[in-house]
Amino acid sequence: MVAASATLSIAAMRSLQGLAGALAAGLFLAGIAAPAGAAPITPTRDDEVIEVLPASAGNRGEDRDLRKRLAARPDDAKLATAVARRYLEQARESGDPRFAGLALAALRAWPDPNAAPDEVLLLRATLEQYLHEFDAAVAHLRLLLARPGSERQSQAWLTLATVLRVQGRYAESDAACRQVAGAEIYQAACLAENAALRGETAAARRSFETMLAARGLPVSTRGWLTTSLAELEERDGRAGAADAAYRRVLKLGPDTYAAIAYADFLIAQRRPAEALTVLKDEARTDTVVLRLAIAGTLARSAAAPRDVAEMRERITLANERPEASVFHGREQAMFALVVERDPERALALARGDVARQREPLDLLVLAQAAHASGRREAIEEARRLKASIGLHDRRIDALL
Amino acid sequence: MPCSESVLACPTLPAAWRSRARAALRALLALALLLAAGLAGAHKASDSYLQVTAAPGQLDVRWDIALRDLDVALDLDSDADGKLTWGEVRAAWPRIEAYALRRLAIEGCPLASVGRGLERRNDGAYAVLMLRSPCTLPAGAPRISYGLFADVDPTHRGIAKVQRAGQEVALSVLEPTAAMAAAASKPGSATERASGVASGIATSGSTALPSADARSRTTSAAGRWQFLLEGVRHILTGYDHVLFLLCLLLPSVMRRTPPGWQPVERLGQAVWPVVGIVSAFTVAHSITLGLAALKLVSLTPAFIEPAIAATIVLAALDNVLPIFPVRRVVVTFFFGLIHGFGFAGVLAELNLPRADFAWALLQFNLGLEVGQLVIVAVATSVLFGLRRWRGYPRIVIGAGSALAIAIGVAWLIERIGNVSILPL
């Protein structure tokens, strides 16, 4: 990068950038010292809009008011959790991790988890789950659940069960599921999910179908139950049943998680063009752009070069933080494997990823990278990891 | 106006006519960039970018901070409509600088602002802070204490690239420390002044950040050359001045002889007339620029702006068909007087510091001359290289001048009638 040259003072570089105006007029051809991927903005009018802020969850003035009130009373737990929950919702809706950071900041009055009120601690753990800091999330949830009277904390048990499941600790997850009280369906679904992962397929399928047969089920509940069923069928190698289940979910309404899962299924079924259709209305979050790039590459679509370039740029930008390749290891490994056709890099990324999270997709990507690399010890490693978790997944069996 | 400290990113256009011309071009560029940004809209975590360039006796820092992050901390969006306008950002700039500068300390190097800018990146618009310190960075890993957004987003990081003369770029990730942010949030307190120490870095006690007063003093000292850059920028982006100069230069590598245009033999034959013309233009616009800046003479832009357009038309016309009864140098001088008033209009908008008025004026003028020299040097070299081409008289001088006449006339009409003709 020219900008890094020590011989140019930064002021001189800026004056070079001043040349940009002249360049625009076609007068000169000279190098401009600007960071890669950045372009100077030179506004000319006060009413020129230079940035559109991300949409607010509710009313923008209300956001600001909440922030101000919290700044005045940062240790008001009720207010702090309200602000944090609002940001967490925004993070989930938009896939924008900055909101998770803002939510954590709202809880900053309780740096010591031992001194944090229950609801603050739960929210903090949930945010850590969102940020893929699973070990921290588990530690904080266990701390919360060890408090007297906390056995009624169903939400905390459910979150703990989910995080443990993501880590591939199914037995511990089962134990947490059993503590979930109140709404029975949550406990049943929690246990059925783990059963399905372990390969108790018939029982899990029956369980999901029973739950789905209930009348008056909220649409969102029906959505995630059916998604779980679709994933079960997919792992069990029943493509037709999985396809039908995914379609049922998407018929219920927009569902980003299900759309991405279905797209992955379609890509695996060598139906990349259909994957593109499924994703066409989704917001372009990293996970969506990744699938567009992969499916587009496989389908040789016209938009593929753009999506590939964009994904590559996003990865480059994210990796300016060294820990990012661990954070987004799964996605980066998928990109390296399918788009960049670099199995060695994919394998390294996938290994880093499974050290942190062990969902079926993480193991599948590891197995695919190991298979593509042709390394016997990598294949053996993937097989051992799968066995140690106790995951049942015929897609992975086919590769190892 | 906060723009008084600006180097590059402030609007500095003298009159509505010219600003509209440039605004049209910039709007197009901005639109293209916005489209690109809209397509990208990447969701990444909050990062700021620091480029630290260390030379003996001088440390420069370019610090890019996302506007959407600053909005959370400082409520830049004053009308809460979800859109950050240039006016809102500009009005908030002193707060941005104050907020940021309290949250960054580099051991042994008190930082002062010397400039600003805006940058569009993949994930949105960034404020660019140019900081400087008259210091030599101590050897070893630089001790940077960082507290940006610690109170707003603990997942925020600063991505620092440190470049020492003759060495590899060293990359480091700065995690905001709450201690520094806590100290910074108590403005004027003793902790603020000692926040370099409070952030926990082992120091020799000399890294305390300058207080607000000290900082603004050092700003004016360190930003000593900002008006020079303003001058350079103004001439380089002032298309009408550039076009006028080009018109004068087109025939400079040729001589008028009875059978027609003939190329000059040696560079010297071209250089001296160019020097004469440029000197005349310089002396003349310096006179009127000075007179207007000192408020001794004042002419309305309603006259000056169309008159500048007219000088282009006449100069270009003279290339095709000699119309001036006197030597070009003399004509250039008179036209230069008119352009000087145009420069003065910019100067007025720059809001020069009263204390250093003469110094700032001199800088601005020197900047104009430096920019002008660049244009002249490039244009003359190109034209000199082309002079033996058979088509030079017809294409370069003839068609070039005709084009200049057309643009000049269009500007003339635009500026008299206050209408918009050219897309540019």
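Looking now at the overall build of chain B. Counting its secondary structure elements, chain B contains 14 helices and eleven strands. Among the 424 residues that make up chain B, the fraction classed as buried is 51%. Nonlocal contacts in chain B, meaning residues at least 24 apart in sequence, comprise 72% of its contacts between residues at least 6 apart.

Looking now at helix α14 (residues 272–279) of chain A. Note on helix geometry: an α-helix contains 3.6 residues per turn, so any two residues three or four positions apart are oriented the same way. Residues and elements named next belong to chain A. All buried positions along α14 are accounted for by P272, A275, L276, V278 and L279. The arc that holds every buried residue of α14, seen down its axis, measures 160 degrees, which confines them to one face. Buried positions along α14 lie against α13 (256–268) and α15 (286–299).

On to the confidence of the model for chain A, then. Regions with low pLDDT should not have their predicted coordinates read in detail. Looking at chain A, the pLDDT average stands at 86 and 88% of residues meet or exceed 70. Counting contacts from residues 1–34 of chain A, a segment whose pLDDT is below 50, to residues more than four positions away or on other chains yields 74 contacts.

Residues and elements named next belong to chain B. As judged from the four bridges shared by strand β10 (residues 254–257) and strand β11 (residues 260–263), these two strands associate in the antiparallel manner. Opposite R256, over in β11, you have W261 as the bridge partner. What sits between β10 and β11 in their antiparallel hairpin is a turn of two residues.

On to the pairing of strand β8 (residues 157–164) of chain B, then. All names here are of chain B. Across eight bridges, the pairing between strand β1 (residues 47–55) and β8 is parallel. Within the sheet, the bridge partner assigned to L50 lies in β8 and is A160. Sheet topology note: the β8/strand β9 (residues 170–174) ladder contains five bridges and is antiparallel. If you follow I159 over to β9, its bridge partner there is V173. Between β8 and β9, which pair antiparallel one after the other, the connecting turn spans five residues, and G166 there sits at a positive phi close to 75 degrees.

This paragraph deals with the nonpolar core. Residue and element names in this part refer to chain A. By size, the foremost hydrophobic cluster in this structure holds 151 residues, and its most contacted members are A103, A106 and A263. In terms of residue count, α13 provides more of this core than any other element does, nine residues in total. Sequence-distant contacts of A103, that is, excluding residues within four places in its chain, are made with A84, Y87, L88, A91 and L127.

All names here are of chain A. Take L391: it is sitting in the loop between α21 (376–389) and α22 (394–397). Classification of L391 as buried rests on a count of 20 C-beta atoms within 10 Å. For the pair formed by L391 and R235, sequence separation is 156 residues and the distance between their alpha carbons is 9.6 Å. Apart from residues lying up to four places away in sequence, L391 is in contact with L197, P360, L363 and K386.

Taken in spatial order, the seven strands make up an open sheet running β1(A)-β5(B)-β6(B)-β2(B)-β1(B)-β8(B)-β9(B), and their pairing is mixed. Looking at strand neighbours, the two that pair on one side only are β1 (39–41) of chain A together with β9 of chain B, the edges of this open sheet. Strand-to-strand twist in this sheet, taken as the mean axis angle between neighbours without regard to direction, amounts to 25 degrees. Pairing of β1 of chain A with strand β5 (residues 112–121) of chain B involves three bridges; the strand directions are antiparallel. Note that in β5 of chain B the partner of I41 of chain A across the bridge is L118 of chain B.

How two helices sit against one another is set out by the angle between their axes and by the gap between those axes. All names here are of chain A. Direction vectors running N to C along helix α12 (residues 239–252) and α13 enclose 155 degrees, while the axes themselves pass 10 Å from each other. Comparing their axes, α13 and α12 come out roughly antiparallel. Crossing of α12 over α13 shows left-handed handedness. Only A258, A259, A261, Y262 and F265 of α13 make contact with α12, whose side of the interface consists of A242, Y246, V249 and L250. Grouping the constituent residues of the contact of α12 with α13 by class yields nine nonpolar, no polar and no charged.

Attention now goes to unusual backbone geometry. Note on backbone geometry: most residues besides glycine have negative phi, and most peptide bonds are trans. All names here are of chain A. Positive phi, normally seen in glycine, also occurs at R270, with a value near 55 degrees. By the element assignment, R270 lies in the loop between α13 and α14. The exposed category is assigned to R270, around which 9 C-beta atoms lie within 10 Å. Positive phi, close to 50 degrees, is recorded for R341, a residue that is not glycine. Looking at R341, the number of C-beta atoms within 10 Å reads 11, which means it is exposed.

The next subject is the packing of α15 of chain A against helix α16 (residues 304–318) of chain A. Residue and element names in this part refer to chain A. Contact pair α15 / α16: the axes reach a minimum separation of 8 Å and the direction vectors enclose 135 degrees. Between α15 and α16, the interaxial angle falls into the category oblique. Considering how the two elements wind past one another, α15 and α16 form a crossing that is left-handed. On α16, the residues that touch D286, V289, L290, L292, A293, G296 and T297 of α15 are A304, D307, V308, E310, M311 and R314. Taken together, the residues of the contact of α15 with α16 break down into seven nonpolar, two polar and four charged.

So, how was this worked out
- Residues numbered from 1 in each chain as written.
- Chains lettered and ligands numbered in written order.
- Predicted model: local features only at pLDDT ≥ 70, side-chain atom pairs only at ≥ 80, totals over all residues.
- Helix = DSSP H or I, 4+ residues; strand = E, 2+ residues; numbered from the N terminus.
- Buried ≥ 20, exposed ≤ 12 C-beta atoms within 10 Å, placed from the backbone.
- Contact = placed C-beta atoms within 7 Å.
- Arc of directions from axis to C-beta.
- pLDDT = per-residue confidence, 0-100.
- Pairing = 2+ DSSP bridges.
- Core = buried A, V, L, I, M, F, W, Y, C linked by C-beta atoms within 7 Å.
- Axes fitted to C-alpha atoms, helices over the stretch in contact; angles between N-to-C directions.
- Parallel < 35°, antiparallel > 145°, perpendicular 65-115°, else oblique.
- Left-handed = near helix turned anticlockwise from the far one by under 90°.
- Nonpolar A, V, L, I, M, F, W, Y, C, P; charged D, E, K, R; others polar.

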